[in-house]
Structures are given as C-alpha cells and as structure tokens.
Amino acid sequence: MGKSTLRALLVVGGHELRSRLRDGTAPLIALVAPILLATLFGLALGGDDDPPLKATIGVVDLDGGEFPASVQREALNTDELKGVLTFRQYPDEAAARSAVDGGESGAALVFPAGFSEGVGAGRGGQVSVLESPESPLAGVVARSMVDRISALVQARTLAVRASLEAGVPADRVQLFVEENGAAGPALSLVGDPVSGGKVDLAVHYGAGMAVMFAFFVVGTTARSLLTERQNGTLDRMRAAPIPLWTALVGKSAVGFGLALLSMCATWLSSVLIFGASWGDPLGVFPLLLAHVFAATAIVMLVASRAKTDAQADGYTLGVAFVFAFLGGSIVPAYNLPEWLRGVSLITPNGWVSAGLSELAGTGAGPSAVLVPIAVVTGIGLVAGTVALLGFRKGRFA
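- Going by an unreviewed UniProt entry, the protein chain carries the name ABC-2 type transport system permease protein and comes from Lentzea albida.

Let's talk about helix 13 (residues 309–326)
Phase 1 of the analysis: The terminal C-alpha atoms of helix 13, which comprises 18 residues, lie 26 Å apart, in line with the 26 Å expected from a rise of 1.5 Å per residue.
Phase 2 of the analysis: The complete set of buried residues in helix 13 reads Asp309, Ala312, Thr316, Val319, Ala320, Phe323, Ala324 and Leu326.
Phase 3 of the analysis: Trailing helix 13 by a residue or two, Gly328 shows a phi angle of about 80°, which is positive.

Topic: the side chain of Gln72
Phase 1 of the analysis: Mapped onto the fold, Gln72 is located in helix 3 (residues 66–76).
Phase 2 of the analysis: Polar contacts involving the side chain of Gln72 include one to the side chain of Gln89, which spans 2.8 Å.
Phase 3 of the analysis: The residues contacting Gln72, other than those within four sequence positions of it, are Val59, Phe87 and Gln89.

Re the environment of His15
Phase 1 of the analysis: Positionally, His15 belongs in helix 1 (residues 3–22).
Phase 2 of the analysis: For the pair His15 and Gly250, spaced 235 residues apart in the sequence, the C-alpha separation amounts to 9.5 Å.

Description of the UniProt feature "transmembrane region" (unreviewed entry) in the protein chain
Phase 1 of the analysis: When the UniProt feature table is mapped onto this chain, "transmembrane region" (unreviewed entry) is found at residues 28–46, 202–226, 247–276, 282–303, 315–334 and 369–391.
Phase 2 of the analysis: Strand forms 0% of residues 247–276 and helix 93%; the C-alpha atoms that close the span are 40 Å apart.

Details of the side chain of Thr220
Phase 1 of the analysis: Along the chain, the position of Thr220 falls in helix 9 (residues 201–230).
Phase 2 of the analysis: If we ignore the near neighbours within four places in the chain, the residues touching Thr220 are Glu16, Arg20, Thr25 and Ile29.

Looking at helix 4 (residues 93–102)
Phase 1 of the analysis: Those residues of helix 4 lying buried are Ala96, Ala99 and Val100. Seen from one end, helix 4 has its buried residues packed into an arc of 100°, which puts them on one side. With respect to the buried face of helix 4, the exposed residues turned more than 90 degrees away are Ala94, Ser98, Asp101 and Gly102.
Phase 2 of the analysis: On its buried face, helix 4 is in contact with strand 1 (55–61), strand 2 (85–90), strand 3 (107–111) and strand 4 (128–131).
Phase 3 of the analysis: One side-chain oxygen of the residue at the start of helix 4 lies 3.3 Å from the amide nitrogen of Ala94, identifying that residue as Asp92.
Phase 4 of the analysis: A positive backbone phi angle near 90° is found at Gly103, which sits one or two residues after helix 4.

Structural notes on the sheet that holds strand 4
Phase 1 of the analysis: The strand order 2-1-3-4 describes an open sheet built from 4 strands, whose pairing is mixed. The sheet terminates laterally at strand 2 and strand 4, the two strands that pair on one side only. Strand-to-strand twist of the sheet, defined as the mean angle between neighbouring strand axes without regard to direction, takes the value 25°.
Phase 2 of the analysis: The pairing of strand 1 with strand 3 spans 5 bridges and is classified as parallel. Directly across from Gly58, in strand 3, lies its bridge partner Ala108.
Phase 3 of the analysis: Its contacts with the sheet place helix 3 against strand 1, strand 2 and strand 3, and it is angled at close to 160° to strand 2.
Phase 4 of the analysis: Lying over the sheet, helix 4 contacts strand 1, strand 2, strand 3 and strand 4, oriented at roughly 30° with respect to strand 4.

Quick word on the pattern of salt bridges
Phase 1 of the analysis: Under the definition given, this model contains 6 salt bridges.
Phase 2 of the analysis: For Arg88, the salt bridge is made with Glu104, and the minimal N-O distance between the two is 3.7 Å. In this pair, Arg88 sits in strand 2 while Glu104 sits in the loop between helix 4 and strand 3, placing the two residues 16 residues apart along the sequence.
Phase 3 of the analysis: The partly exposed category is assigned to Arg88, whose relative accessible area is 34%.
Phase 4 of the analysis: Taking the shortest distance from any N to any O, the salt bridge between Arg223 and Asp313 comes out at 2.5 Å. Here the residue Arg223 occupies a position in helix 9, and Asp313 occupies one in helix 13, the gap between them amounting to 90 residues.
Phase 5 of the analysis: Residue classification places Arg223 among the partly exposed positions, given a relative accessible area of 34%.

So, the packing of aromatic side chains
To describe a pair of aromatic rings, one takes the distance between the centres and the angle between the planes.
Phase 1 of the analysis: This structure, assessed with the given rule, holds 6 aromatic pairs.
Phase 2 of the analysis: Ring plane angle 55° and centroid distance 5.7 Å describe the contact between Phe216 and Phe321, whose orientation is recorded as tilted. Here Phe216, found in helix 9, pairs with Phe321, found in helix 13; they are 105 residues apart in sequence, far enough to count as distant.
Phase 3 of the analysis: Under the relative-accessibility criterion, Phe216 is labelled buried at 14%.
Phase 4 of the analysis: An angle of 25° between the planes, with centres 6.1 Å apart, marks the rings of Trp267 and Trp278 as stacked. With Trp267 in helix 11 (residues 246–274) and Trp278 in the loop between helix 11 and helix 12 (281–304), the pair connects residues that are 11 residues apart, well separated along the chain. Both residues of the pair, Trp267 and Trp278, count as buried.

What counts as what
Residues numbered from 1 in each chain as written. Predicted model: local features only at pLDDT ≥ 70, side-chain atom pairs only at ≥ 80, totals over all residues. Heavy atoms only, no water. Helix = DSSP H or I, 4+ residues; strand = E, 2+ residues; numbered from the N terminus. Expected span 1.5 Å × (residues − 1). Buried < 20%, exposed > 50% of the residue type's maximum accessible area, 1.4 Å probe, protein only. Polar contact = N/O pair within 3.5 Å; in protein donor to acceptor, adjacent residues only side chain to side chain. Contact = heavy atoms within 4.5 Å. UniProt positions renumbered as here; feature names shortened; annotations may be inferred. Arc of directions from axis to C-beta. Pairing = 2+ DSSP bridges. Axes fitted to C-alpha atoms, helices over the stretch in contact; angles between N-to-C directions. Salt bridge = Lys/Arg side-chain N within 4 Å of Asp/Glu carboxyl O. Phe/Tyr/Trp six-rings, centres within 6.5 Å; stacked < 30°, edge-to-face > 60°.

And the structure:
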C-alpha cells in the first residue's frame, strides 16, 4: 500500500467519522440506544426475577432395588435442581413413551430389571433415556443423570472386580466395596449444563442488543457510501489516482470501529449495572471482534445491492432484525422451534449467542469459543469478498 493510498484512506475515514459525530448518529445508535434497550430489557426480564425453570422426568423402575430410588433422592436433594425437578412414576416403558410424546413428562429414565443386582455384583447395567424435542431442559437433566449414573456404575463395577481379583470372598465383596467408599449413588451436577449453563437474561439481552445494533451502526456508514454515490463524490474519487476500493474500505473501517465501540460499551454497561459477567474477557472480546467484522461485511454486501440510501436503510433493517430473531438475539434460541434452532447457525448472531452461552453459562475458557469465532470470521470473509468484488465491478459507481 503506497503513501498516497494510505493518505486517501485516512482522509476518507476522517471525513466519515466527523460526519457521523456531527450528525449525531454515532453517539445515538452506537451508545445511547443499545445501552438503554439492554438496560430496560435487563431490568424487566433479567436478574432474580427470571421465571423458574421446570423439568418433569418420568421413571420406569423395573428393577425395584435401592439404586433407582437412591438416584431420585440424590437428584432431588441437589441444590441446582431444587424447585426445578419433578419425578413421575410409570409402570413400563410404553407408558413412559406415551407420556413423553404427549407432553406429560419431558423425558423418562428406564431402569431395567436386575439393575441394582447387576451393579452390586460388578456386572454393570444400562439406563435408557426417552426424550422429547419439545422439552429440551428435561432431556438435558435426564442425560446428565444418566452420565453420572454410568460413571458411578463403572466405578462400582471396577471396584467389585478389583476386590475379587484381590482375593476378597464373593459373599463379602458387596460389604467390602461399600465400606471402602462405593456404597451407592452420590450424584453431583456441579459444572453440568443445567447448573452452570443458564445465562442470566440480563446478559442475554445485553449481548443481544449489542449484536443487533452492530448492524445498525455499520448501516449508517453504508448509507453514507450510497449518498456519496448519489452526490457524485464516488465518481470523482474513481477519477483520482487511488485504488477503487479506498472509499469502501475507508468508510467500512469507521463503521467497524464504531460498531466495536458500541458492543464493548454495551458489554461494560451490562457488567456495571447488573454485575453480570459475560464470561472470560479473553474469550468475549475476540468473539465480539469477529461479529463486528462479519456485520460490517454483511452490511456492505447488502448495500452493494441497493440503488438508493433509503433502500440500503431498509435492507440493513431487515437483515438486522431477521438475524436477531433467528440467531436468538431477541428471543432465546431454546424458545424457538427445533427447525429454527438449526437455522440460527447460519447467522453470526446464532454463533455469538452459542459462544456467549459457553462463556457466561458454563464458565468455559477462551478455547470453548474457537469454533464460533472461526465460523463468524468465515462468514465475514465470504460476505466481504463478495462486497468488494461488487464494488470493483462498479455497483457503487
């Protein structure tokens, strides 16, 4: 990049920034609106006033032993599931399946006959799970319980086998194992998606507003690009000895910077006002950075198809709201129909929402959002390349 090109970029960027500050759109759309809406949503729907989660899980106890009963007692006494979990008994698997399909129970556990005896004898055993896509929370709880049960069964099985190999008489193995710390179920759901994966709605709506308004902030820059075209400014720039992409990149850089400022300011306000953590900053910031890049590229791509600045505004508004709805920025993704939850992953919003759920919900580190960051960045690269090609072909001319 030559000095003349760099100077042209600085001139274009400086003019764009001064224009956005002078007409008031930068502080209003980048700071006031997203922070205000995030705060209002957080006050209305976030914090300790969130509606409680409920999960009803059916139990088919064909075993009749102590193990299934102990599992239920332990789960109901777990702090994370108190007031959340309810068990309902069914006589057989067919009745449980009918109840799950009919919505009476969100999921069901099936303990086979001889389960407790098999575990006590070191033969192991397997618990089946019946799920319904209409009750994702119950399914998560049921699968988490089965995971813990499987770990306990495996530990008990290994303990019995090790005792037998060590020469403990077969008729004393069960007592020996129990005396040495493998008496039965001791469920702990700490770190489970149910106990750690719930994101405070103040965080959800703060992030949602930040993600959505990134499109609006960049949209003001796209609009100015089309205004410059209508005024003939771009024609004069094309006649100058500078690359054709200077106007696009210079204005996009300003939109990118203002959108990043907007997202970071909304993030900071959420933390200060509600005391709500979005997760590890080393994971949050790169995720926001990737989203701003994608939003900038997508808006510029949309603007390249518009003929007037008003049309660009309409396109940007439509894209922002559709992506916000599909991506879970407005309505939490778990409240959407199953097919829409799959569609959300074609939007950068959906991946940002998924990444923040990992960071804020489970306390995961930066490595947990490497895939969302890569996907969102990829979306931006594709959209940006197409937008730049459109500019080079003269769509802004």
